[in-house]
Amino acid sequence: VHSLAVAAADQFDAEAVVIYTGHNEVGEGRQLLDALPGASATAWRAAATRLHLVGLLSSLLAAEESPAEEVGEYPQPDGGPSYEFHDPSFERAVVARFERELGDAARALRRRGLPVLLVVPSFNHHGLRIRRLSSGSGAELAAELELRAFEHLEAGDVEASLAAALQLREVLPGAGSPWLLASLALDGAGRLPEAEEAAWEAARRNQLGSALTPGVAAAILRVAEQQDLPVADVHARLHREAVGHLPGYDLHWDYVHLNPRGSAAAAAELEASLRSAGIVD
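Residues numbered from 1 in each chain as written. Predicted model: local features only at pLDDT ≥ 70, side-chain atom pairs only at ≥ 80, totals over all residues. Heavy atoms only, no water.

On to the overall build of the chain. When helices and strands are counted, the chain shows eleven helices and three strands. Along the chain, helices and strands appear, N-terminal first, in the series α-β-α-α-α-β-α-α-α-α-α-β-α-α. Every one of the 281 residues in the chain was classed for burial, and the buried ones make up 50%. Nonlocal contacts in the chain, meaning residues at least 24 apart in sequence, comprise 72% of its contacts between residues at least 6 apart. (Helix = DSSP H or I, 4+ residues; strand = E, 2+ residues; numbered from the N terminus. Buried < 20%, exposed > 50% of the residue type's maximum accessible area, 1.4 Å probe, protein only. Contact = heavy atoms within 4.5 Å.)

Structure, rendered in structure tokens:
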């Protein structure tokens, strides 16, 4: 992508370059796995994160989780959460490579005298997957609490929904679903900073590409600071444009791809950022 971007900028006589990435394509760095300790187990787990049937495989993933480490500060809970399907060493390797290559690409483009705008991506907070236990200890209670949380949300009783989500967290301490349900309830209660924090925690435990989003977003901000580059915060813009607070299906087709309304919001943020940075008039 680095070489293609530089070649395209030359070919099309670009006046500026916007680098907008950081979604599920970032997690395709499977070649990194060979360099990690316990590569075979990690490869199995990393491959499982990309299967739609991963929920059915959860009972087979019995290896102990190593504690995750913080990878950045865009905004996310203090301390390192544990991961349900995403191996922390895999995430750290992917984010480190992403940050290095993003920095290299930005420097190469700037050497050609091209202004560069970086973009902080967002994702569908409501589209994060819910983990369902099909068997094992706590499966029946987890299913009951999950249903209760949803029913209370639909009825508008956000406090009861939050209580069910917090109880579900005790039953499924390593899962992302309690955090997702809590974020929706907190959003409904108007407790927006807590809702955002819970959504990021759900993302980091989620088995889709958004599991990497917090670390990638932090890496983008670090590169911007190091190279004094302007940033378009599409993440923040989509929050402002969302019907509620957390971006959901009102702005996305699925868990990550923007629909026309979401695309319009992202484009508006890019235009505003390009003008603010003096890249365009």
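More follows now that the structure is in view.
Counted by the stated rule, this structure contains zero aromatic pairs. Seen from the ring of W179, R169 lies directly overhead, with NZ or CZ sitting 3.7 Å from the centre. (Phe/Tyr/Trp six-rings, centres within 6.5 Å; stacked < 30°, edge-to-face > 60°. Lys NZ or Arg CZ within 6 Å of the ring centre and 35° of its normal.)

Attention now goes to the sheet that holds strand β2 (residues 116-120). The strand order β1-β2-β3 describes an open sheet built from three strands, whose pairing is parallel. The outermost strands of the open sheet, each flanked by one partner alone, are β1 (17-19) and β3 (231-233). When the angles between neighbouring strand axes are averaged without regard to direction, this sheet yields 25 degrees. In this sheet, β3 lies alongside β2 in parallel orientation, the contact comprising three bridges. (Pairing = 2+ DSSP bridges. Axes fitted to C-alpha atoms, helices over the stretch in contact; angles between N-to-C directions.)

If you trace the backbone, H235 turns up in helix α10 (residues 234-241). Residue H235 is classed as buried on the basis of its relative accessible area of 3%. There is a polar contact of 2.8 Å between the side chain of H235 and the side chain of E196. (Polar contact = N/O pair within 3.5 Å; in protein donor to acceptor, adjacent residues only side chain to side chain.)

One non-glycine residue, D13, lies in the positive phi region at around 50 degrees. As for its position among the elements, D13 is in the loop between α1 (2-11) and β1.

Attention now moves to the packing of helix α5 (residues 139-155) against helix α6 (residues 158-171). Interaxial distance between α5 and α6 falls to 8 Å at its minimum, and their mutual angle equals 160 degrees. It follows that α5 is roughly antiparallel to α6 by the angle criterion. You can see that α5 and α6 cross each other, and the crossing is left-handed. Between α5 and α6, the residues in contact are L141, A142, L145, E146, R148, A149, H152 and L153 and A160, S161, A164, A165, Q167, L168 and V171, respectively. Of the residues that constitute the contact of α5 with α6, the class distribution is ten nonpolar, three polar and two charged. (Parallel < 35°, antiparallel > 145°, perpendicular 65-115°, else oblique. Left-handed = near helix turned anticlockwise from the far one by under 90°. Nonpolar A, V, L, I, M, F, W, Y, C, P; charged D, E, K, R; others polar.)

Turn by turn, an α-helix covers 3.6 residues, leaving residues three or four places apart pointing in a common direction. Its 14 residues give α6 an end-to-end C-alpha distance of 20 Å, which sits within 8% of 20 Å, the value for a rise of 1.5 Å per residue. All buried positions along α6 are accounted for by V158, S161, L162, A164, A165 and L168. Along α6, the residues classed as buried sweep out an arc of 160 degrees about the axis, all on the same side. (Expected span 1.5 Å × (residues − 1). Arc of directions from axis to C-beta.)

Along β2, five of the five residues are buried, which leaves the element largely enclosed by surrounding structure. Because side chains alternate across β2, one face comprises the buried residues V116, L118 and V120, and the other comprises L117 and V119, equally buried. The sheet contact formed by β1 and β2 spans three bridges and is parallel. Bridging across to β2, V17 finds its partner in V116.

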